Amino acid sequence: MTNQSTIPVIVNGAAGKMGREVIKAVAQAPDMILMGALDTSPEHQDKDAGELAGLSEPLEVPITNQLEPMLGYVAGERQMAPGVMVDFTHPDAVYDNVRSAIAYGIRPVVGTTGLSPEQVQDLTDFAEKASTGCLLIPNFSIGMVLLQQAAVNASKYFDHVEIIELHHNQKADAPSGTAIQTAQLLAELGKTFNPPQVEETEKLPGARGSLADEGIRIHSVRLPGLIAHQEVIFGAAGQIYTLRHDTSDRSCYMPGVLLAIRKVNQLKSLVYGLEKIL
Ligand SMILES: NC(=O)C1=CN([C@@H]2O[C@H](COP(=O)(O)OP(=O)(O)OC[C@H]3O[C@@H](n4cnc5c(N)ncnc54)[C@H](OP(=O)(O)O)[C@@H]3O)[C@@H](O)[C@H]2O)C=CC1
Ligand SMILES: O=C(O)C1=N[C@H](C(=O)O)C[C@H](O)C1
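Everything in this summary refers to the structure shown in the same document. All of these numbers come straight from a predicted model, not from anything done at the bench.

**Focus on the packing of aromatic side chains**
A ring pair, where both rings are aromatic, is described by two values, the distance of the centres and the angle of the planes.
No. 1: The full count for this structure, using the stated rule, is four aromatic pairs.
No. 2: For the pair F158 and F234, a centre-to-centre distance of 5.4 Å together with 40° between the ring planes defines the contact as tilted. You can see F158 sitting in the loop between α6 (142-155) and β7 (160-167) and its partner F234 sitting in strand β10 (residues 228-236), a full 76 residues away along the chain. The two residues F158 and F234 agree in class, both being buried.
No. 3: Each member of the aromatic cluster is reached from another via a ring pair, and the members are F158, F234 and Y241.
No. 4: Taking the ring centre of F126 as reference, the NZ or CZ of R99 above it sits at 3.9 Å.

Below you can see the structure in the form of structure tokens.
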């Protein structure tokens, strides 16, 4: 049964690896109802979102590629809480998806990575003007938040740090959104890391990885068999301090996704990072 506190949820990227997990999690959440399942992949059109996600019963929500009609349908729902769109699609699609959702008054909860800093700024301004909550969360796992907090703490004492992120080889963007965010958090301390010790020459382009803010280097590994992993390695004379997070199942992201769906309706602007809503 639904009521004014039930949250209507649209999942965008519903046929993907994350989308299917989100469908299952939303279907099992007592305070949410799945109202729409979007995906552009032609082979999944009209399939039942619940069956595709592996649930034993159909949810009677067919996969569609019609974003705007779906946003309009959920925006017109007056017997429940404001609608939320969860986006796990593609770096090329997420910006337009989020703008469309905000234009309809639907609150975006965004896991898709790969937005440029300019796009993030533009969405921040757009959400602010619309007084609409929006969450951009590069990583929904609690373990990664704890790793980042430990890294920020360690970076006060170490001047040398490099990040290695390792992912499955279906990932479209590099470096990962999580690695970029981790480097940003360290760079916010206002110190420059990795003061050069010698004049370096890259004998093969990219050998030293990508250069993020404040001298922090990020190295990206893509291999079948991996899911999502990150190391932050600090070095100093005579010692190495390594922080590592590994995911073994995408269910690890679901408590964070459900929390974000519940929190986004309390916001009036864009918020970046799971740590801000814990
Ligand atoms: N924040 C976090 O904690 C996490 C973030 N991610 C990020 O989430 C995103 C998705 O990851 P993942 O599920 O592994 O990717 P998948 O490729 O498995 O799923 C993405 C799905 O979205 C579909 N799609 C592509 N473009 C559109 C569009 N314009 N509208 C609707 N659907 C679309 C794809 O269809 P098709 O295959 O036909 O293109 C596919 O079915 C990535 O950016 C990834 O980095 C992933 C894990 C955790
Ligand atoms: O593509 C993935 O899988 C992941 N993407 C996110 C990122 O780019 O940081 C989060 C997590 O690493 C899994």
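Next, the rest of the story.
**Examining the pairing of strand β9 (residues 217-222)**
No. 1: Where β7 lies against β9, six bridges are found, and the strand directions are parallel. When the bridges of β9 are listed, E165 appears paired with S220.
No. 2: Bridging between strand β8 (residues 210-211) and β9 involves two bridges; their strand directions are antiparallel. Considered in β9, the bridge of S210 is made with I218.
No. 3: From the end of β8 to the start of β9, which pair antiparallel, there are five residues, and E214 there has a positive phi angle of about 55°.

**Considering the packing of helix α3 (residues 67-75) against helix α4 (residues 94-103)**
No. 1: Axis separation between α3 and α4 bottoms out at 10 Å; the angle between their running directions is 30°. Here α3 is positioned roughly parallel relative to α4, judged by the angle of their axes. For α3 against α4, the interelement crossing comes out right-handed. Facing L67, E68 and L71 of α3, the residues of α4 in contact are N97, S100 and A101.
No. 2: A per-class count over the contact of α3 with α4 returns three nonpolar, two polar and one charged.

**What about the site of ligand 1?**
No. 1: Taken together, the neighbourhood of ligand 1 is formed by 22 residues, with M18, D39, T113, I137 and K171 sitting nearest.
No. 2: In the environment of ligand 1, a nitrogen atom lies 3.1 Å from a nitrogen or oxygen atom belonging to the backbone of G111.
No. 3: Contacts to ligand 1 include P138, whose backbone N or O atom sits 3.0 Å from a nitrogen atom.
No. 4: Protein chains shield 76% of the accessible area of ligand 1, which is 920 Å² for the free molecule.
No. 5: Of the residues assigned to the shell around ligand 1, the class counts are eight nonpolar, eleven polar and three charged.

**Section: the sheet that holds strand β12 (residues 270-272)**
No. 1: With parallel pairing, the seven strands of this open sheet are ordered in space as β3-β2-β1-β4-β5-β6-β12. Each edge of the open sheet carries a strand with a single partner, namely β3 (63-64) and β12.
No. 2: By the bridge criterion, six bridges tie strand β1 (residues 7-12) to strand β2 (residues 32-38) in an arrangement that is parallel. Following the sheet pairing, P8 is matched in β2 by I33.
No. 3: Where α3 meets the sheet, its contacts fall on β1, β2, β3 and β4 (84-87), and the angle it forms with β2 comes to roughly 160°.
No. 4: Running over the sheet, helix α8 (residues 254-264) touches β1, β2, β4, β5 (107-110) and β6 (134-136) and is turned about 155° from β5.

**Details of the environment of D173**
No. 1: Looking at where D173 falls in the secondary structure, it is placed in the loop between β7 and α7 (177-187).
No. 2: Of the residues examined, D173 reaches a relative accessible area of 12% and is grouped as buried.
No. 3: Placed 59 residues apart in sequence, D173 and G114 show a C-alpha to C-alpha distance of 5.8 Å.
No. 4: Once residues lying within four places of it in the same chain are set aside, the contact partners of D173 are P91, T113, G114 and R222.
No. 5: In this structure the side chain of D173 is engaged in a polar contact, spanning 2.7 Å, whose partner is the side chain of T113.

**A short note on the site of ligand 2**
No. 1: Close contacts around ligand 2 come from T113, P138, N139, H167, H168, K171, S176, G177, T178, A228 and Y253, and that covers them all.
No. 2: K171 places a side-chain nitrogen or oxygen 2.7 Å from an oxygen atom of ligand 2.
No. 3: A distance of 2.9 Å separates an oxygen atom of ligand 2 from a polar backbone atom of G177.
No. 4: Relative to its free-state accessible area of 320 Å², ligand 2 is covered by the protein chains to the extent of 84%.
No. 5: Taken together, the residues that form the shell around ligand 2 break down as three nonpolar, seven polar and one charged.

Criteria and thresholds
Residues numbered from 1 in each chain as written. Chains lettered and ligands numbered in written order. Predicted model: local features only at pLDDT ≥ 70, side-chain atom pairs only at ≥ 80, totals over all residues. Heavy atoms only, no water. Phe/Tyr/Trp six-rings, centres within 6.5 Å; stacked < 30°, edge-to-face > 60°. Helix = DSSP H or I, 4+ residues; strand = E, 2+ residues; numbered from the N terminus. Buried < 20%, exposed > 50% of the residue type's maximum accessible area, 1.4 Å probe, protein only. Lys NZ or Arg CZ within 6 Å of the ring centre and 35° of its normal. Pairing = 2+ DSSP bridges. Axes fitted to C-alpha atoms, helices over the stretch in contact; angles between N-to-C directions. Parallel < 35°, antiparallel > 145°, perpendicular 65-115°, else oblique. Left-handed = near helix turned anticlockwise from the far one by under 90°. Contact = heavy atoms within 4.5 Å. Nonpolar A, V, L, I, M, F, W, Y, C, P; charged D, E, K, R; others polar. Near = heavy atom within 4 Å. Polar contact = N/O pair within 3.5 Å; in protein donor to acceptor, adjacent residues only side chain to side chain. Areas by Shrake-Rupley, 256 points an atom, 1.4 Å probe, with all protein chains shown as cover.

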